[in-house]
Amino acid sequence: MEERIHKFYLNDRYIVLDIASGSVHVVEKIVYEMIDEYEKLSKDEVIEKFSKLYNEEDAKEAYEEIDYLTKEGLLFSEDEHFKLPKYNPQNVVKALCLHVAHDCNLRCKYCFASQGDFKGDRSLMTFETGKKALDFLLQNSGNRRNLEVDFFGGEPLMNF
């Protein structure tokens, strides 16, 4: 089954996204946790489980909030027309962006990419990976004559 609900914790906020409806909800911690059990257990089972962690009134209120959002089509929505994007082999690929260098030799303090490492490990794309990516582009470009390849990174020229 495809994931219909995505949950995030960011900046001290509990955020829930319903994929099909596109609804975004900022919720309390109890609601955030209870959503995982909402479709698996009965109402009484959910309230009993969360009454052990929170008080019973809060558990009932959280369940009612989820139930309301669900009935309004804003949570666990069933959109028959919505499908996650899938690769269509008939599509023609005309451009490719290769992140060839996850590094930079300049280390500018103002850099949006944290001096080229994007706050991660410094690394370079291997020749084999680059070749496979270019082969993919050529194999899936149909009869296009002009193709585009962008070399991206911290500093792409660090990886000839």
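Residues numbered from 1 in each chain as written. Predicted model: local features only at pLDDT ≥ 70, side-chain atom pairs only at ≥ 80, totals over all residues. Heavy atoms only, no water.

Draft legend 1. Up close: the overall build of the protein. Broken down by element type, the protein carries four helices and six strands. Relative to the 2.2 N^0.38 estimate, which gives 15 Å for 160 residues, the radius of gyration of the protein is 23 Å and therefore markedly larger than a compact globule would have. Taken over the C-alpha atoms alone, the protein extends approximately 65 × 45 × 25 Å along its principal axes. Burial analysis of the protein (160 residues in total) assigns 31% to the buried set. Contacts in the protein between residues far apart in sequence, at least 24 positions, make up 57% of those at least 6 positions apart. Accessible area of the protein: about 11,800 Å², with a carbon and sulfur share of 52%. When the 21 basic and 31 acidic side-chain charges of the protein are each reduced to a single mean position, those positions are 8 Å apart. (Helix = DSSP H or I, 4+ residues; strand = E, 2+ residues; numbered from the N terminus. Rg over C-alpha atoms; globule rule 2.2 N^0.38 Å. Buried < 20%, exposed > 50% of the residue type's maximum accessible area, 1.4 Å probe, protein only. Contact = heavy atoms within 4.5 Å. Areas by Shrake-Rupley, 256 points an atom, 1.4 Å probe, with all protein chains shown as cover. Lys, Arg positive; Asp, Glu negative; His and termini not counted. Charge placed at Lys NZ, Arg CZ, Asp CG, Glu CD.)

Draft legend 2. Representation of the sheet that holds strand E3 (residues 23-27) in the model. What the three strands build is an open sheet, ordered E1-E2-E3; its pairing is antiparallel. Only two strands of the sheet have a single partner each, and these edge strands are strand E1 (5-10) and E3. Between one strand axis and the next, the sheet turns through 20° on average, direction left out of account. Against the sheet, helix H1 (residues 29-38) touches E1, strand E2 (13-18) and E3, its axis set at about 150° to E1. (Pairing = 2+ DSSP bridges. Axes fitted to C-alpha atoms, helices over the stretch in contact; angles between N-to-C directions.)

Draft legend 3. Layout of helix H3 (residues 56-71). In a regular helix each residue adds 1.5 Å, so 16 residues correspond to 22 Å; H3 covers 22 Å between its end C-alpha atoms and thus fits that length. Every buried residue of H3 is listed here: Ala 59, Ala 62, Tyr 63, Ile 66, Asp 67 and Leu 69. Considered in projection along H3, the buried side chains sweep an arc of 165° and stay on one side of the axis. For H3, the exposed residues set more than 90 degrees away from the buried face come down to Glu 57, Glu 61, Tyr 68 and Lys 71. Residues of H3 that are buried make contact with E3, H1 and helix H2 (43-51). Put simply, Asn 55 is the residue that caps the front of H3, since its side-chain oxygen is 3.1 Å from the backbone nitrogen of Glu 57. Positive phi appears at Gly 73, one or two residues downstream of H3, with a value of about 80°. (Expected span 1.5 Å × (residues − 1). Arc of directions from axis to C-beta. Polar contact = N/O pair within 3.5 Å; in protein donor to acceptor, adjacent residues only side chain to side chain.)

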